[in-house]
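What the coordinates show
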Amino acid sequence: MNIRPATANDVGEVLGLEQAIFPDDAWSADMLAEGFTSEYGHYVVVEHEGAIIAYAGAYHLPGDEIADIHTIAVTPGARGNGLGAELFDGLVAWCTEDGAQRILLEVRADNLVAQNLYQSRGFQTIAVREGYYQPANVDAFVMEKRVA
Ligand SMILES: CC(C)(COP(=O)(O)OP(=O)(O)OC[C@H]1O[C@@H](n2cnc3c(N)ncnc32)[C@H](O)[C@@H]1OP(=O)(O)O)[C@@H](O)C(=O)NCCC(=O)NCCS
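How each quantity is defined
Residues numbered from 1 in each chain as written. Predicted model: local features only at pLDDT ≥ 70, side-chain atom pairs only at ≥ 80, totals over all residues. Heavy atoms only, no water. Near = heavy atom within 4 Å. Polar contact = N/O pair within 3.5 Å; in protein donor to acceptor, adjacent residues only side chain to side chain. Areas by Shrake-Rupley, 256 points an atom, 1.4 Å probe, with all protein chains shown as cover. 1 Å grid on protein atoms, 1.4 Å probe; cavity = no way out; pocket = protein on both sides within 12 Å on 5 of 7 lines; lining within 4 Å. Sits in = over half its atoms within 2 Å of the grid points. Helix = DSSP H or I, 4+ residues; strand = E, 2+ residues; numbered from the N terminus. Nonpolar A, V, L, I, M, F, W, Y, C, P; charged D, E, K, R; others polar. Buried < 20%, exposed > 50% of the residue type's maximum accessible area, 1.4 Å probe, protein only. Arc of directions from axis to C-beta. Contact = heavy atoms within 4.5 Å.

To continue, consider the site of the ligand. Among the 20 residues in the neighbourhood of the ligand, the closest are listed as Ile 72, Val 74, Gly 84, Ala 85 and Asn 111. Gly 80 is positioned with one of its backbone polar atoms (N or O) 2.8 Å from an oxygen atom of the ligand. Relative to its unbound accessible surface of 940 Å², the ligand loses 67% to contact with the protein. Comparing atom positions with the cavity grids shows the ligand to sit within the largest pocket. Every element with two or more residues in the shell around the ligand is listed here: β4 (66-74), α3 (83-97), β5 (102-108) and α4 (112-120). For the shell around the ligand, the element with the most residues is α4, which contributes 5 residues. Among the residues making up the shell around the ligand, the classes are represented as 12 nonpolar, 6 polar and 2 charged.

What follows is the structure, given as structure tokens:
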């Protein structure tokens, strides 16, 4: 297993995973490409036996108080083995080392697994965006961790 920075060459493979894992809210190829190539982003992919099995990314503008965790996903067969936690800890560490004082993310109200992960890392819900995810009409929880 190899964790490495995401590149523009990974967009096609990650897009396929994204559409399978987030059928209602998948990012487009352009959004992924922008994240993977932004100088202010930190996106990684995890390869295992020649295939990408997980990816994660965050964004922070230099000098900004706030960093955003944009995405984290592990393919179904690789879940439950600590990989999501390892990637998430890596994003939090990058945001912190890059100078952010607050880290924000959004999570579906019905995604209890992800909420468990974030809460176990000290994130708290600070706002609810009602009906943010459409057409399912699911709320978004905005979660925050203060790191300074
Ligand atoms: C959320 C996700 C990234 C977690 O990845 P993972 O590799 O399975 O997670 P880990 O094995 O590292 O577990 C990390 C924590 O997640 C939570 N968790 C994992 N599996 C869980 C389950 N089946 N039920 C409840 N909580 C669970 C626990 O808090 C766990 O910590 P613990 O082992 O100390 O209890 C993965 O489930 C996933 O990709 N889900 C689909 C995409 C998604 O929802 N992304 C988040 C969008 S906001």
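Let us now look at α4. Taken together, the buried positions of α4 are occupied by Ala 114, Gln 115, Leu 117 and Tyr 118. One face of α4 carries all of its buried residues, which in axial projection span an arc of 160°. Away from its buried face, by an angle of more than 90 degrees, α4 presents the exposed residues Leu 112, Val 113, Asn 116 and Ser 120. The elements touched by buried residues of α4 are β4, α3, β5 and β7 (138-146). Gly 122, located one to two residues past α4, shows a positive phi value of around 90°.

For helix α2 (residues 29-37), every residue scored as buried is listed here: Leu 32, Gly 35 and Phe 36. Summarising the axial view, the buried residues of α2 lie within an arc of 95°, below the 170-degree limit, and thus occupy one face. Residues of α2 that are exposed and point more than 90 degrees away from the buried face comprise Asp 30, Glu 34 and Thr 37. Those residues of α2 that are buried are in contact with α1 (11-21) and β2 (41-48).

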